[in-house]
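Structure assessment
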Amino acid sequence: MQRALAEVLLLAVPAGVLGSWIVLRRLAFFAHAVGTVTFPGLVVAGPWGIAPQLTALAAALGFGAAQERLGRGGRLAPDAATGLLLVAALAVGVVLASDVYESGAGVDSLLFGTLIGLRASDLWFTAAVAAGALALDAALRRSWLAAGFEPASARSLGLRTARSDRLLLVGIAAAAVVALSAVGALLVAVILVVPAATVRLVCTRLAPLQLGATALAAAEGVIALWWADRLNVGPGPAMAVLGGAVFAAVALWTARAGGEVPA
Amino acid sequence: MSAVRVAGLSGGYGPGRQALRDVTFAAGPGRVVGVLGPNGGGKPTLFRALLGELPVRRGEVALAGAPAYVPQTERARLDFPVSALDVALMGAYGRTPWYRRLGRRERDAARAALARVGLAAVSDETFGALSGGQRQRILLARALVQDAPVLLLDEPLSGVDGASAAGIERVFGELRDEGRTLLVATHDVHQAARFDLVLCLHGRQVGFGRPGETLTPEVLRATYGAELIVLEGGGTAVGVGHHAH
Amino acid sequence: MPGWLTDPFGGTIMQHALVELLVLSLACGPLGVWILLYRDAYAAESMSHGMLPGLVVAALAGAPLLLGAAGGVFVAAAGIAVVARDERLGGDVGVAVCVSALFGLGAMLALSPAAPPRLQELLFGDLLGVTTADLLAAGALAVGVGLGLAAAARPLALTAFERASAPSLGARPARCELSLLVLLGLTTVAAVQGLGNLLLFALIVAPAAAALRLGRRLRTVLVLAIGLAALAGVAGLLVSFHLGIATGASVALCALVPAFAAMLVPARVRR
């Protein structure tokens, strides 16, 4: 249980730092998709004897590359391409899990997370990604901000936006990969998007947003851990329901308090 | 007996967001009216009001029949699986109930319309594969198929190559001779000066009437709010620099 | 006809599955085309993921799955509509929050009880468990959707092609867009029993994506989409039978492979 706690607290860092960028740069669907497509990678990790983080990362990066190629040249709208790749990964994963490797009930924990059986190496992976997220953010935040605000002029400001945007996507993929053990492949958005989106409702400036999102992700993670233990489910679903409820409460409260109420 | 009559028209996109104030004009059949104005000055709003698409509308609008609308080609989907003929054929959709097939008569009308705009040769080409000028002409052909007494055209000549532009203007003349009324939104004051009537809008109606009488320096200044740059010798038309898009 | 083609369909179970898939293709094919033309793929994916709680509640309560599916789709669509109106968050962020909360709720309801419902069948489908009643219900929905789309083809085309001029040609854009989402919901309900809420997206969008690449005129595209969806159904069942793999996933993959292959065909649009 102590390891699980440490994992959740470590995860709060990329959840806050990169999650804020996911919300600001409108990358929520990408974050959800990049988590989901790791499913086949997770299925083969055990039977092939490779660390799941590596197979998952390979699947995630493969997805990113494929999505970029498909979305280019007007072949397919980006959302449609993402959706097709996502469902393809799920279908392949299902076939591998049910007929090739017969993973049985283990599929539930791959899809929805479980913090049972966490190893020290898992914590090291997460710590590395957390540190990497902080480093990337420190180095590239100006470029990410400029590209998000107005892509064309950002390039003229001398910022290499294509490369830094790609690094953002890689960072999000890495964060999704280490979040998998906690929340599962299908609920990555619960940790990477929901806390940051909730804080975004009350916070518009970057630094407070990132701090707030990290704190909220940590708090929600810890409570979800406790709740999941009580209910005997994975932390993913518990955090999903908790995060959703908090978001709804904040959204309702801020919609009434300030600004126009949507018609 | 006017084809388009508007009295005291005001309206906008929501309460308190009035885009157009006090527009009053009338145009008979067989007239081409240039609608001038800066961006945000109310040209698209006027068209939407005439189409019955404006959320908030006060005043009177009377039209000789349901108008045909020719949008700018940039607004149409280029990856849509339609040929030039398919687009022209859309002009018949309004008068064909959903259960009736589009038969020989409608197809012939669509082919004839494409021929009028000089595009009979490309009728089977995919719409999105053609040039901007060709696509604009196809949208005009669609309006021809609609056979409406009033046509509303949104900047039909912007970004169109010279040959296509000449073809389009020729069709204006033909439609006028057929007794139809055209309202042509345009940025080009020189072009508008060649029409029968001009309507100058800048949130409100600044002027209406024949170009020679209406396009005075004061009216143009009130319409565009810009410094007048050039005075053409030997005439009352003036050149005005217009705002970038 | 060769043995390998007819052997699988000797028994009632496979016959039911085949008929279900063929009927579904009448709805999924054209619906997918319109979903892509209206750029609503994200809405389709979100609606199917977010309906999970409805499915689980129905399974727990022993109610018909179709009922749970309808309820789930309604709640998901309503939730998405509410969140999408908030301007503080960008387009997909609010939807992602809503969908992951609903999906997580469904998972929690499914995994916590002592006697859990078969969650993987809800997620990935149970084609071989289709009963006659299921078949009739799904069939009725699918045929209804197919006919609705056929009748509405002209206004749908006008609105998708160029929205501002659509009213002058007899279409009502807002009504078209809403109707499309309603038909999407109905098709989702029809397809969920066989393919599960995670995989049905493949049968809706993949054949349509391939058809849009290969067809030049709208009617060709719509017919092609139905054909590819039906083909995916038949091929999927054959592959599933002969290779012994999960049926729903097999159908999904047979729909996806032509779609990805079609992406290699160059576009016809001038850029």
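Residues numbered from 1 in each chain as written. Chains lettered and ligands numbered in written order. Predicted model: local features only at pLDDT ≥ 70, side-chain atom pairs only at ≥ 80, totals over all residues.

Points about the overall build of chain B
When its secondary structure is counted, chain B shows eight helices and 11 strands. In terms of overall size, chain B behaves like a compact globule, its C-alpha atoms giving a radius of gyration of 18 Å where 245 residues would be expected to give roughly 18 Å. Based on the C-alpha atoms only, the size of chain B along its principal axes is roughly 55 × 40 × 35 Å. In chain B, which comprises 245 residues, the proportion classed as buried is 49%. Considering only intrachain contacts with a sequence separation of at least 6, the fraction spanning at least 24 residues in chain B is 67%. (Helix = DSSP H or I, 4+ residues; strand = E, 2+ residues; numbered from the N terminus. Rg over C-alpha atoms; globule rule 2.2 N^0.38 Å. Buried ≥ 20, exposed ≤ 12 C-beta atoms within 10 Å, placed from the backbone. Contact = placed C-beta atoms within 7 Å.)

Observations concerning the interface of chain C and chain A
With 46 residues of chain C at the contact, the number on the chain A side is 49 residues. Contributing elements (two or more residues each) for the side of chain C that touches chain A: α3 (41-50), α6 (91-111), α7 (119-124), α10 (173-214) and α12 (247-262) of chain C. Residue composition of the side of chain C that touches chain A, grouped by class: 32 nonpolar, seven polar and seven charged. (Nonpolar A, V, L, I, M, F, W, Y, C, P; charged D, E, K, R; others polar.)

So, the packing of helix α2 (residues 12-37) of chain C against helix α8 (residues 132-151) of chain C
Residue and element names in this part refer to chain C. Relative orientation of the contacting elements α2 and α8 amounts to 30 degrees, with a least axis distance of 9 Å. In this view, α2 runs roughly parallel relative to α8, as classed from their interaxial angle. Classified by chirality, the crossing of α8 by α2 is left-handed. Along its contact with α2, which presents His16, Val19, Glu20, Val23, Leu24, Leu26, Ala27, Pro30, Leu31 and Trp34, the element α8 presents Leu135, Ala138, Gly139, Ala142, Val143, Val145, Gly146 and Leu149. Here the contact of α2 with α8 is built from residues that sort into 14 nonpolar, three polar and one charged. (Axes fitted to C-alpha atoms, helices over the stretch in contact; angles between N-to-C directions. Parallel < 35°, antiparallel > 145°, perpendicular 65-115°, else oblique. Left-handed = near helix turned anticlockwise from the far one by under 90°.)

So, the interface of chain B and chain C
When the parts of a complex come together, some accessible area is lost, and that lost area is often used as the size of the interface. Taken together, the contact pairs 24 residues of chain B with 21 residues of chain C. Residues of the side of chain B that touches chain C, tallied by class, amount to 15 nonpolar, four polar and five charged.

Considering the nonpolar core
In terms of nonpolar packing, the biggest core is built from 290 residues, with A:Ala91, A:Val193, C:Leu203 and C:Val205 touching the most fellow members. If one sorts the elements of this core by residue count, α10(C) sits on top with 24 residues. The contact partners of C:Leu203, leaving out residues within four places of it in the chain, are C:Leu24, C:Cys28, C:Ala191, C:Leu195, C:Ala229, C:Ala232, C:Val251, C:Ala252 and C:Ala255. (Core = buried A, V, L, I, M, F, W, Y, C linked by C-beta atoms within 7 Å.)

Quick notes on the pairing of strand β2 (residues 17-27) of chain B
Residue and element names in this part refer to chain B. Direction of pairing for strand β1 (residues 4-14) relative to β2: antiparallel, over a ladder of seven bridges. Paired with Gly12 across the two strands is Gln18, which belongs to β2. Linking two consecutive strands that pair antiparallel, namely β1 and β2, is a turn of two residues; a positive phi of about 80 degrees is found at Gly16 within it. (Pairing = 2+ DSSP bridges.)

A closer look at helix α7 (residues 120-149) of chain A
Owing to its 3.6 residues per turn, the α-helix aligns residues three or four sequence positions apart on the same side. With 30 residues, α7(A) should cover 44 Å at 1.5 Å per step; its first-to-last C-alpha distance of 40 Å lies within 8% of that length. Most pronounced at A:Leu140, the bend in α7(A) amounts to some 65 degrees. (Expected span 1.5 Å × (residues − 1). Bend = angle between axes of the 7 residues up to and from the residue.)

Topic: unusual backbone geometry
All names here are of chain A. One non-glycine residue, Arg26, lies in the positive phi region at around 55 degrees. With respect to the secondary-structure elements, Arg26 resides in the loop between α1 (2-24) and α2 (28-36). Despite not being glycine, Asn232 has its phi angle at roughly 60 degrees, a positive value. Along the chain, the position of Asn232 falls in the loop between α12 (206-231) and α13 (235-257).

Section: the confidence of the model for chain B
Per-residue pLDDT for chain B has a mean of 84; in total, 91% of the residues score no lower than 70. Considering only residues more than four positions removed or in separate chains, one finds that residues 234-245 of chain B, a stretch of pLDDT under 50, has 30 contacts. (pLDDT = per-residue confidence, 0-100.)

Points about helix α3 (residues 104-116) of chain B
Residues and elements named next belong to chain B. If you check α3, its first and last C-alpha atoms are 18 Å apart, about what 13 residues at 1.5 Å a residue would give, namely 18 Å. Burial in α3 covers these residues: Ala109, Ala110, Ala113 and Leu114. Viewed end-on, α3 has its buried residues packed into an arc of 135 degrees, placing them on one side of the element. Along α3, exposed side chains directed more than 90 degrees from the buried face belong to Arg104, Arg105 and Asp108. Residues of α3 that are buried sit in contact with α2 (84-89) and α4 (132-146). (Arc of directions from axis to C-beta.)

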